[in-house]
Amino acid sequence: MYDPYKALYIHAPFCKQRCRYCDFATQAVDPSSPLIREYVDHVILEIRRAGKQGLLSQVETVYLGGGTPSYIGLGAITEIMYILGLSMHLTDQVECTMEANPDSLTERMVNDLWALGVNRLSIGVQSFDDSVLRTLGRVHDAQAARRAVEIAHGRFRNVSVDLMCGIPGQSAESFRQSLHTAIDLGVTHVSVYPLTIEPGTPFDELVSRGAMPEPDDDVEAEHMRIAAQDLSQAGFERYEVANYAKPGFQSRHNTAYWTGKPYLGIGPSAATMTQNAERRMRKQDDVITDDLDARQMRVEDVMLGMRMSRGVSERTLSRACELAPELRAVMESLVERGLVRHCDGRWQPTERGWLCGNELYGAIFDVAP
C-alpha cells in the first residue's frame, strides 16, 4: 500500500521553438499540428483514469509545465482543466500553477485560466535584456516579457518569473536590471537558475567547437549573490537554493518535491514518485528510474531538505541516523567545512553550502547511494 499522491504534474511537451540551452522533453511543432490533439486526448484519458482510481483525491497542488503549456492553445487547456475539475477537488485551497511564455500568453487566456481554476502563473522570462534573450534563442523580446507580466496581474496576484544567470555575455548589471524589472513589475515569486550546458543542446555544440565559452562558476556565484542581496532588500525570502518569494507566496508544489511528498506525473516524460515506509520509487514513461529502500529514503530526505533555507530538523536527522548512523558524522563534518550550520535544533545550508551544492549534496548522498 502506497501513500496517497499530494501533487500532480501535467507535462505539455510542445514549444514554438526549442531554446539553445534546453534539454527538456519538448519539441517545436506548428500550433495546428495533429500531435497536439493526440496529446490532449491522451492527457484527458489519463486524468479520467487517475480520478476513477482515486489517485487524485488528496492532491494539494497541480502544476502544468513543459515545454510551454500556453502554446498548445486556450481550447486545449480548457479541455484539460475542465476534465481535471471533474476528476478532483480543484478548490481554492489547491495551488494550481501553469507555466506560460510571453509570446503565447494573452489577456483572454489569463481571464479564462483564472475562471478554470488556475491560481498561479509562472512566466518563462529568463531575462529582460534583448541581447541576452537573443543569445538564449528565446522567441520573445523584453517588451513582450514585461507585457506578459502586466497581463497576468490583470487577474493573478500570485505571479512568478524565471530568470537565468551566468549566460555568456551577460554582465552583472544586465542581470541586476532584470531582477529589478521583475521586482518593479510586482511579481511575488522569482526563480533564479544558473546556466548549465546540457549534452546534445546547441549550446553544447557551440562550447565543443570553441564558439562559446563555458559558463564561469565565479560569474554564476556572483550573480546568485546579487539575486540573494537585491531580492532580500525588496522583501523576498530565499526559501530554496534557487527560489525567492514574498511572504505567503512560496511554491507549494515545488516544496512538495523537496519534502518527500508523493507526486503523480501525467504526459510524456512526466515523473511519478510513489512511496510507503519501506520504499520510494520514481518512474518516467513506465520505466523505474529510482528504487530506494528505507535507509536510502531517509538519507535522501536529509539531502533534499538541505536545498531549503529551513534545512532539516534534528528529528528528521535522528530518524535518518537510525538506519544510517554514519550520517551524523558527515553532517558534523559539513558544519566544520562551513557548508552547513547547526542552530536552534535545525541543520541548515549556509550560503557557501548552496554555492558548493555538489559538494554538500554529494557528501550526504554518498552515505546511502
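Participant: Could you give an account of the packing of helix α11 (residues 314–323) against helix α12 (residues 327–336), with specific residues and numbers?
Facilitator: Running from N to C, α11 and α12 point in directions that differ by 135 degrees, and their axes come no closer than 9 Å. Classified by the angle their axes make, α11 and α12 are oblique. On the side of α11, the interface is formed by Glu314, Leu317, Ser318, Ala320 and Cys321, while α12 contributes Leu327, Arg328 and Met331. Considered class by class, the residues forming the contact of α11 with α12 number 5 nonpolar, 1 polar and 2 charged.

Participant: A description of the packing of α12 against helix α14 (residues 357–365) should follow, citing residues and the corresponding values.
Facilitator: Where α12 meets α14, the axes come as close as 9 Å, and the angle between the chain directions of the two elements is 165 degrees. Taken together, the axes of α12 and α14 are roughly antiparallel relative to one another. Both α12 and α14 take part in a crossing whose hand is right-handed. Residues Leu327, Val330, Met331 and Leu334 of α12 lie in contact with α14, whose contacting residues are Leu360, Ala363 and Ile364. In terms of residue class, the contact of α12 with α14 is built from 7 nonpolar, no polar and no charged.

Participant: Explain the sheet that holds strand β16 (residues 340–343) to me, and be specific about the residues and the numbers.
Facilitator: One open sheet holds the 3 strands; their spatial order is β15-β17-β16, and the pairing between them is antiparallel. Each edge of the open sheet is held by one strand with a lone partner, namely β15 (312–313) and β16. The sheet contact formed by β15 and strand β17 (residues 346–349) spans 2 bridges and is antiparallel. Residue pairing for β17: Ser313 is matched across the bridge by Arg346.

Parameters and conventions
Residues numbered from 1 in each chain as written. Predicted model: local features only at pLDDT ≥ 70, side-chain atom pairs only at ≥ 80, totals over all residues. Heavy atoms only, no water. Axes fitted to C-alpha atoms, helices over the stretch in contact; angles between N-to-C directions. Helix = DSSP H or I, 4+ residues; strand = E, 2+ residues; numbered from the N terminus. Parallel < 35°, antiparallel > 145°, perpendicular 65-115°, else oblique. Contact = heavy atoms within 4.5 Å. Nonpolar A, V, L, I, M, F, W, Y, C, P; charged D, E, K, R; others polar. Left-handed = near helix turned anticlockwise from the far one by under 90°. Pairing = 2+ DSSP bridges.

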